[in-house]
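Structural features, examined
Chain residues, written in single-letter form:
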Amino acid sequence: MSDHPVGVLEGAPTRDGAGVVFWQEDTGDETGRWLVQPFAGGDSVPFLEGLPVGWNEGLAQAEGVTLAGICTPDGVFEIYAIDTGATPRLIAAGKEWLSVAGVYAGGSDVAGLSADGTLAALQHAAHGDITHPALRIVDPRTGAVVAERGDGTSAVVATAWAPAGHRLAVVHEPDDRERTAIWDLATGEWRDLDLALPGDHAVLDWYPDGASVLVRFTLDGRAELCRVELATGAIHPVATPRGSIGDARVRPDGQVWFTQLDGEHRGRVMAGDGSEPIELAAAPIGRPFQDWRFVNDHGRQVHGWIVEPAGDGPHPVMVFVHGGPHWLYEDAYMPEVQAYVDAGFLVAMPNYRGSTGYGRAWRDALTGDPGFTDVDDVTAGLRDLLRRHDVDGDRAVIAGWSWGGYITLMELGRNPDLWRAGMAGVPVADYVGAYEQEAPALQAMDRALFGGTPDEKPDLYRRASPLTYAGDVRAPVLFVIGDNDSRCPLEQALVYVERVAAAGTTHEVYRYATGHGSLDIDEEIRQIRTILDFLRRHVPGVRAL
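Please read these numbers as outputs of a predicted model, since none were measured by experiment.

Counting its secondary structure elements, the chain contains 10 helices and 31 strands. By the compact-globule yardstick of 24 Å for 545 residues, the chain fits well, its C-alpha radius of gyration being 23 Å. Overall size of the chain, expressed as C-alpha extent along the three principal axes, is 65 × 50 × 50 Å. For the chain, the exposed surface amounts to about 21900 Å²; the carbon and sulfur share of it is 50%. For the chain, the centre of its 44 positive side-chain charges and the centre of its 79 negative side-chain charges are spaced 4 Å apart.

As a further point, take the pairing of strand β26 (residues 315–321). Counting buried positions along β26 yields seven of seven residues, so the element is predominantly enclosed. Taken together, the six bridges between β26 and strand β28 (residues 391–401) define a ladder with parallel strand orientation. Residue pairing for β28: Phe 320 is matched across the bridge by Ala 399. Sheet topology places β26 next to strand β27 (residues 346–350); three bridges connect them, and they run parallel.

Of all 11 residues making up helix α7 (residues 440–450), nine are buried, and the element is well covered by its neighbours. Listed as buried for α7 are Pro 440, Ala 441, Gln 443, Ala 444, Met 445, Asp 446, Ala 448, Leu 449 and Phe 450. Buried residues belonging to α7 abut β5 (54–62), β6 (65–71), β7 (77–83), α5 (403–414), α6 (431–437) and α8 (458–464). Positive phi appears at Gly 451, one or two residues downstream of α7, with a value of about 85 degrees.

Looking now at the pattern of salt bridges. Applying the stated rule across the entire model yields 33 salt bridges. Among the ionic pairs, Arg 136 bridges to Glu 148, the shortest N-O distance being 2.5 Å. Taken together, the positions of Arg 136 in strand β11 (residues 134–138) and Glu 148 in strand β12 (residues 145–149) put the pair 12 residues apart, joining distant regions of the chain. The exposure class of Arg 136 is buried, given its relative accessible area of 19%. Take Glu 148: its relative accessible area is 36%, and that puts it in the partly exposed class. Close ionic contact of Asp 291 with Arg 293 constitutes a salt bridge, the shortest N to O distance being 4.0 Å. Looking at Asp 291, the relative accessible area reads 32%, which means it is partly exposed. A relative accessible area of 39% means that Arg 293 is categorised as partly exposed. One connected set of salt bridges, linked through shared partners, spans Asp 220, Arg 222, Arg 242, Asp 291, Arg 293 and Asp 331.

Where helix α4 (residues 373–385) contacts α5, the two axes come as close as 10 Å, and the packing angle between them is 70 degrees. Considering their axes alone, α4 and α5 lie roughly perpendicular with respect to each other. Here Asp 374, Val 375, Asp 376, Val 378 and Thr 379 of α4 lie close against α5, whose contacting residues are Trp 403, Tyr 406, Ile 407, Met 410, Glu 411 and Arg 414. Class assignment of the residues belonging to the contact of α4 with α5 gives a composition of six nonpolar, one polar and four charged.

With that settled, consider the packing of aromatic side chains. Under the counting rule described, the total for this entry stands at 16 aromatic pairs. Here Phe 289 and Trp 305 contribute two aromatic rings whose centre-to-centre distance is 6.1 Å and whose plane-to-plane angle is 50 degrees, an arrangement assigned as tilted. With Phe 289 in the loop between β23 (268–271) and β24 (290–295) and Trp 305 in strand β25 (residues 301–307), this pair connects stretches of sequence that are 16 residues apart. Pair check on accessibility: Phe 289 and Trp 305 agree, each one buried. On the numbers, 4.8 Å between centres and 75 degrees between planes, the contact of Tyr 431 with Phe 450 is edge-to-face. Here the residue Tyr 431 occupies a position in helix α6, and Phe 450 occupies one in helix α7, the gap between them amounting to 19 residues. Ring pairs connect the aromatic residues Trp 403, Tyr 406, Tyr 431, Tyr 435, Phe 450 and Tyr 461, which therefore count as one cluster. Sitting above the plane of the Trp 190 ring, Arg 149 keeps its charged end 3.8 Å from the centroid.

With that settled, the discussion passes to the sheet that holds β12. Here we have four strands laid out as an open sheet, ordered β9-β10-β11-β12, and antiparallel in their pairing. Edge strands, defined here as strands with exactly one partner in the open sheet, are β9 (98–100) and β12. Going from strand to strand, the sheet's axes swing by 25 degrees on average, the running direction of each strand aside. Bridge count between strand β10 (residues 120–124) and β11: five bridges; the pairing is antiparallel. Residue Leu 122 lies in a different strand from β11, and its bridge partner there is Arg 136.

As a further point, take α5. Under the 1.5 Å per step criterion, the end-to-end length of α5 is 16 Å for 12 residues, consistent within 8% with the ideal 16 Å. Where burial is concerned, most of α5 is hidden: 11 out of the 12 residues are buried.

On the secondary structure map, Pro 476 appears in the loop between α8 and β30 (477–482). The buried category is assigned to Pro 476, whose relative accessible area is 14%. Separated by 61 residues in the primary sequence, Pro 476 and Arg 537 place their C-alpha atoms 10.0 Å from one another. Apart from the residues within four sequence positions on either side, Pro 476 is in contact with Arg 420, Ala 421, Gly 422, Thr 506, Phe 534 and His 538.

Quick look at unusual backbone geometry now. In this structure, Pro 314 follows Gly 313 across a cis peptide bond, with omega equal to 5 degrees. Residue position: Pro 314 is located in the loop between β25 and β26. Backbone torsion omega between Gly 324 and Pro 325 reads 5 degrees, so that peptide bond is classified as cis. Within the fold, Pro 325 resides in the loop between β26 and α2 (335–342).

Definitions and limits used
Residues numbered from 1 in each chain as written. Predicted model: local features only at pLDDT ≥ 70, side-chain atom pairs only at ≥ 80, totals over all residues. Heavy atoms only, no water. Helix = DSSP H or I, 4+ residues; strand = E, 2+ residues; numbered from the N terminus. Rg over C-alpha atoms; globule rule 2.2 N^0.38 Å. Areas by Shrake-Rupley, 256 points an atom, 1.4 Å probe, with all protein chains shown as cover. Lys, Arg positive; Asp, Glu negative; His and termini not counted. Charge placed at Lys NZ, Arg CZ, Asp CG, Glu CD. Buried < 20%, exposed > 50% of the residue type's maximum accessible area, 1.4 Å probe, protein only. Pairing = 2+ DSSP bridges. Contact = heavy atoms within 4.5 Å. Salt bridge = Lys/Arg side-chain N within 4 Å of Asp/Glu carboxyl O. Axes fitted to C-alpha atoms, helices over the stretch in contact; angles between N-to-C directions. Parallel < 35°, antiparallel > 145°, perpendicular 65-115°, else oblique. Nonpolar A, V, L, I, M, F, W, Y, C, P; charged D, E, K, R; others polar. Phe/Tyr/Trp six-rings, centres within 6.5 Å; stacked < 30°, edge-to-face > 60°. Lys NZ or Arg CZ within 6 Å of the ring centre and 35° of its normal. Expected span 1.5 Å × (residues − 1).

As structure tokens, this is what we get:
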């Protein structure tokens, strides 16, 4: 068991099943190293000797070889291959983003290395656009490039190698939606799977015989699973409750296990026969997530979720904005949301333009216009909510974490008359300062989003920075900031705090010791208590819990 104060978020068993490998940060800034601890107990020791400390860019294991990606403090993305018992061998490096495939999609355990360990899948942004990653196949013994797909105009992402041979399941965007293909590296054949399924498609795993794949298809924040026979294209549904699916794998006996959750039920480990093979601790039943659709100023329909409190209202309303920005709210169990609902808020969660899950055009609409395209959709969502008889428009709160904290500050500055209070968790607040101080992968994302650096696009960064509008903020605002945050760094957030303080704006600052969010349950509870206490003092009628 790890007892490090920062906590642990990512781990995997060793190839022989004797231990667990996990990524351990030291301060919460997300830099760290891979450690291993025996399942039988004992001390944690370095898993891969000789690798630099840095940001995690994936880990994959296969017979006789391990692949690890690291971004160094100097901003160099490095990929190492490590043969059993040997020292790490650098096989790829560059200043543009580079990672072991699966670190952001699919899982490096199934996407990084072929089963025999002779081919490695890497994701990269050598073309300069991390939002449209390309796929490179290399020989881990030499680093030689075997094949390439993707030119930076759309994403090409590896999701799972076959259990034998050199077939690789890939997600790509031939049109607007994510579709899946099978790439046979032995022959060079690329085969798109033409599946009559709604939404986005992704292969999460292969069945043991290699004749079928496990596909997740997702539409409007809810997902289902099916088995697809590659020879015939036949689709066989896997029983999945209504909600979202975090991940899924096919076991050696062909049974599917997956993680499932929805607004009412905490995450569960489920099997395709409907059973729960691993029973987790019980959690309170939440209020259900209800589909919410409204039209923005461009006549486009925006989808999201509403969670209603008990009673007829009118209720205070919280627009709770997701981070990313390339992410989305799914039908999922979120204790924080349920706490706000228990306090009396009607909570609304819009998947604004820039969100994933609604097509490439929807996601890419934010490029070149951050802080306006997304904020305008959030504002349109509030206008829609104010038409409801059970919402009190005089008690509207804007809140969010990360990019959601950024949108919170942009809303408070650009639309100060709409909001009674705001909560900005780990926000981008001074965009120029954030770019200078953030981790290299975040800098790559900003260059793609803005079309360049602050030096190259000074007017756009100034227009998109909450700091530009800080003097117009009138609503009380709470800042929740991590001291060691490498995504939305402390220093740039404090510059914004000083600006609102100088303007006389009511504000409070809660700081905690780690980084971009806490992995410590007690600290998470302290933060929610702080937020609710702040809201009770500034929004009439908020209930004490």
